[in-house]
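What follows is the residue order along each chain.
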Amino acid sequence: MNIDRLNNPPNRRGTDNYKWDGCKETFGHDDLIPLWVADMDFPCPDEVIGALTQRLEHRVLGYAKRSSSYVRAIRDWLQQRHGWSVNEADMLFCPPGPIQAINTLVTLLSQPGDEIVVQMPAYTPLVNVISGNGRKVLENPLIQDGNDYRFDFEQLKEALSDKTKLLILCSPHNPTGRVWSEEELSTLAEICRQQQITVISDEVHADLLLPGQQHTHFGKIARRYQIPAVTVISPCKTFNLAGLPQCTLITDSAEIKAKFKAHMDISQLNLDPPLNALAAETAYRCGAPWLNAVMAYINDNHRLLRKELQRALPQIGISRAQATYLAWLDLRPLGIAHAKLKRILLEEAKVALYEGTEFGQAYEGFFRVNLACSTHLLQQALSQIVAALTLARESSK
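Residues numbered from 1 in each chain as written. Predicted model: local features only at pLDDT ≥ 70, side-chain atom pairs only at ≥ 80, totals over all residues. Heavy atoms only, no water.

Caption draft 1: Here's a closer look at the nonpolar core. Residues L105, L167, I168, L169, F218 and L249 are the most contacted members of the largest nonpolar core, which totals 61 residues. F218 has contacts with L169, L185, L188, A189, V199, S201, E203, I227, A229 and T231, leaving out every residue within four places of it along the chain. Formed by 38 residues, the second largest nonpolar core is a distinct cluster that contains F239, A279, Y284 and M295. (Core = buried A, V, L, I, M, F, W, Y, C linked by side-chain atoms within 4.5 Å. Buried < 20%, exposed > 50% of the residue type's maximum accessible area, 1.4 Å probe, protein only. Contact = heavy atoms within 4.5 Å.)

Caption draft 2: Structural context of the environment of C170. Relative to the assigned elements, C170 resides in strand β7 (residues 164-170). Here the alpha-carbon distance between C170 and Y123, two residues 47 residues apart in the chain, equals 8.4 Å. (Helix = DSSP H or I, 4+ residues; strand = E, 2+ residues; numbered from the N terminus.)

Caption draft 3: Structural context of the sheet that holds β7. In space, the seven strands of this open sheet follow the order β2-β10-β9-β8-β7-β3-β4, with mixed pairing throughout. Edge positions in the sheet fall to β2 (91-93) and β4 (136-141), since each has one partner strand and no second. Averaged over neighbouring strand pairs, the angle between their axes works out to 25 degrees when direction is ignored. Examined bridge by bridge, strand β3 (residues 115-120) and β7 share four bridges and lie parallel to one another. Residue pairing in the sheet places V118 in a bridge with I168 of β7. Against the sheet, helix α10 (residues 218-225) touches β7, β8 (198-202) and β9 (229-233), its axis set at about 170 degrees to β9. (Pairing = 2+ DSSP bridges. Axes fitted to C-alpha atoms, helices over the stretch in contact; angles between N-to-C directions.)

Caption draft 4: Examining the sheet that holds strand β12 (residues 326-330) more closely. Strand order across the open sheet formed by four strands is β11-β12-β15-β14, with antiparallel pairing between neighbours. The open sheet has two edge strands with one neighbour each: β11 (317-318) and β14 (354-355). The strands touched by helix α15 (residues 338-348) are β14 and β15 (366-370); relative to β15, the strand with the most contacts, the crossing angle is about 30 degrees.

Caption draft 5: Summary view of the pairing of β8. By the criterion of burial, β8 is predominantly enclosed, with five of the five residues buried. By the alternation rule, side chains of β8 split into T198, I200 and D202 and V199 and S201, which are all buried. Across five bridges, β7 lies against β8 in parallel orientation. Within β8, the position partnered with L166 by the bridge is T198. For the handedness criterion, the β-α-β arrangement of β7, helix α9 (residues 182-195) and β8 is classed as right-handed. In this structure, β8 lies alongside β9, joined through four bridges in parallel fashion. Bridge pairing in β9 links S201 to T231. Each parallel crossover has a hand, and the one from β8 via α10 to β9 is right-handed. (Right-handed = clockwise from strand over helix to strand, strands pointing away.)

See the structure below:
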């Protein structure tokens, strides 16, 4: 990936994309710098675009079957990128995408009224698939230790009951960017083993590692502790393919595999859209150099954000992200009410961020920033944020 293409990504306005063209509907303003919803501004790998272009020349886009090369591409990626050897027999597929997969698992593996654990702050759709299906959200808030976050295992053990059937893990964690260690995941697995809880591990950010970090797939841990678990992965975040969703599930549970396959067959959701499958396979086959360049660029954006905010507003807390292109900001030390912060960011800074309350009502004063944009755009946004928040603090003195 040429650095110039990262510094000068395509103009996305007017393409009916959610991130840029959805600001007016979502925030009431269309003149905002959009650093909210989690997709990248960067163009997909050239190899993906080339493969799609060549395929479209055929001009027939009928039903497609899943090829052995598609399956092999995923297995090779997991082996080469993460050192995880996965059996084809343990792979399930959900073409509609990760949230559809997790929603299906919730309905198949629990009953209305059952409790399902989720660590807070939590990506809203993960909470919605619990409450929206008549299950009870059992919150397990992460412990905030300065700018670090960790599991609260004691609170989790006290909160569990006979009605607790599932735990939805987000790994790496959105929005804090934590990469869970093997030791932490082992402790979590032991708790789930003792309480007979099935784990659904959402690992769509697993490839978006910052330098020096190593992701541990929960499926590896689950096998060691002999607990039922499903690992959910996808190329959507990794290669900016959210508009062509594909999703893979990995489990060695015969019961889960049988239930999921039957549901997909009955719902007629088992056929891959041909362009989606081709994009995913090509990205897994050829996308490693692209991803390496993108993550190096995003790491520089993480550094820029920390440098600029710590210089101008050192009170702000910034989570020590180890993965993802997301930054989690704690603006509470500024002493400005959440509603006022929201208004300042939208109307004065002219920047669209996700509010912390999107990840739980306890997170007033927090905001999430998407750093998968050009450094120039990020610098502009940070300058506007700093100017607006500085003025607000000075005027309140």
